[in-house]
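# Residue-level structural notes
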Amino acid sequence: MNLEEFGNKPTRSVKDLSGLLGTGINQTYAAVNAGIYPAIRQGKRILIPTAPIVAMLEGRADGRGAK
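Just so it is clear, the model here is predicted, and its values are computed rather than measured.

Moving on: the overall build of the chain. When helices and strands are tallied, the chain shows four helices and three strands. Shown N-terminal to C-terminal, the secondary structure of the chain runs as helices and strands in the order α-β-α-α-β-β-α. In the chain, once contacts between residues fewer than 6 apart in sequence are set aside, the share between residues at least 24 apart is 36%.

So, about the packing of helix α2 (residues 14-21) against helix α3 (residues 25-33). Interhelical geometry of α2 versus α3 gives an angle of 110 degrees and a closest axis separation of 9 Å. Between α2 and α3, the interaxial angle falls into the category roughly perpendicular. Along this stretch, α2 crosses α3, giving a crossing that reads as right-handed. Residues Val14, Lys15, Leu17 and Ser18 of α2 lie in contact with α3, whose contacting residues are Ile25, Thr28, Tyr29 and Val32.

Another point: the sheet that holds strand β3 (residues 45-49). A sheet is described by the order of its strands in space; here three strands give the open sequence β1-β3-β2, paired in antiparallel fashion. Of all strands in the sheet, those bounded by a partner on one side alone are β1 (11-13) and β2 (40-42). Each strand axis lies, on average, 40 degrees off the axis of its neighbour in the sheet, ignoring direction. Its contacts with the sheet place α3 against β2 and β3, and it is angled at close to 80 degrees to β3.

Next up on the list: α2. When we look at burial in α2, the residues that qualify are Val14, Leu17, Ser18 and Leu20. Each buried residue of α2 lies within a common arc of 165 degrees when the element is viewed along its axis, so the set occupies one face. Elements in contact with the buried residues of α2: α1 (3-6), β1, α3, β3 and α4 (50-57). Backbone geometry just downstream of α2 places glycine 22 in the positive-phi region, at approximately 75 degrees.

Of all the five residues making up β3, four are buried; the element is thus mostly covered by neighbouring parts of the structure. Where β1 and β3 come together, three bridges link them in antiparallel fashion. For arginine 12, the partnering residue across the bridge sits in β3 and is isoleucine 48. Relative to β3, β2 is paired through three bridges, and the arrangement is antiparallel. Directly across from isoleucine 40, in β3, lies its bridge partner leucine 47. Count of turn residues in the β2/β3 antiparallel hairpin: two residues, of which glycine 43 carries a positive phi of about 65 degrees.

Rules of the game
Residues numbered from 1 in each chain as written. Predicted model: local features only at pLDDT ≥ 70, side-chain atom pairs only at ≥ 80, totals over all residues. Heavy atoms only, no water. Helix = DSSP H or I, 4+ residues; strand = E, 2+ residues; numbered from the N terminus. Contact = heavy atoms within 4.5 Å. Axes fitted to C-alpha atoms, helices over the stretch in contact; angles between N-to-C directions. Parallel < 35°, antiparallel > 145°, perpendicular 65-115°, else oblique. Left-handed = near helix turned anticlockwise from the far one by under 90°. Pairing = 2+ DSSP bridges. Buried < 20%, exposed > 50% of the residue type's maximum accessible area, 1.4 Å probe, protein only. Arc of directions from axis to C-beta.

Here's what the structure looks like:
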């Protein structure tokens, strides 16, 4: 998955984030739980908001996906 595909939905799974970053799933969960990446928790489910991740990886500080 590339950055453009990742940003096509408002939220993604931790597995999707792991694939985008090229990191292991356990390492990605650890980073999410440490607060390195933003997350929305719904019960046991963890959703990753895509706009802040895309902005972070593109080097923007706004976190809203605005260019």
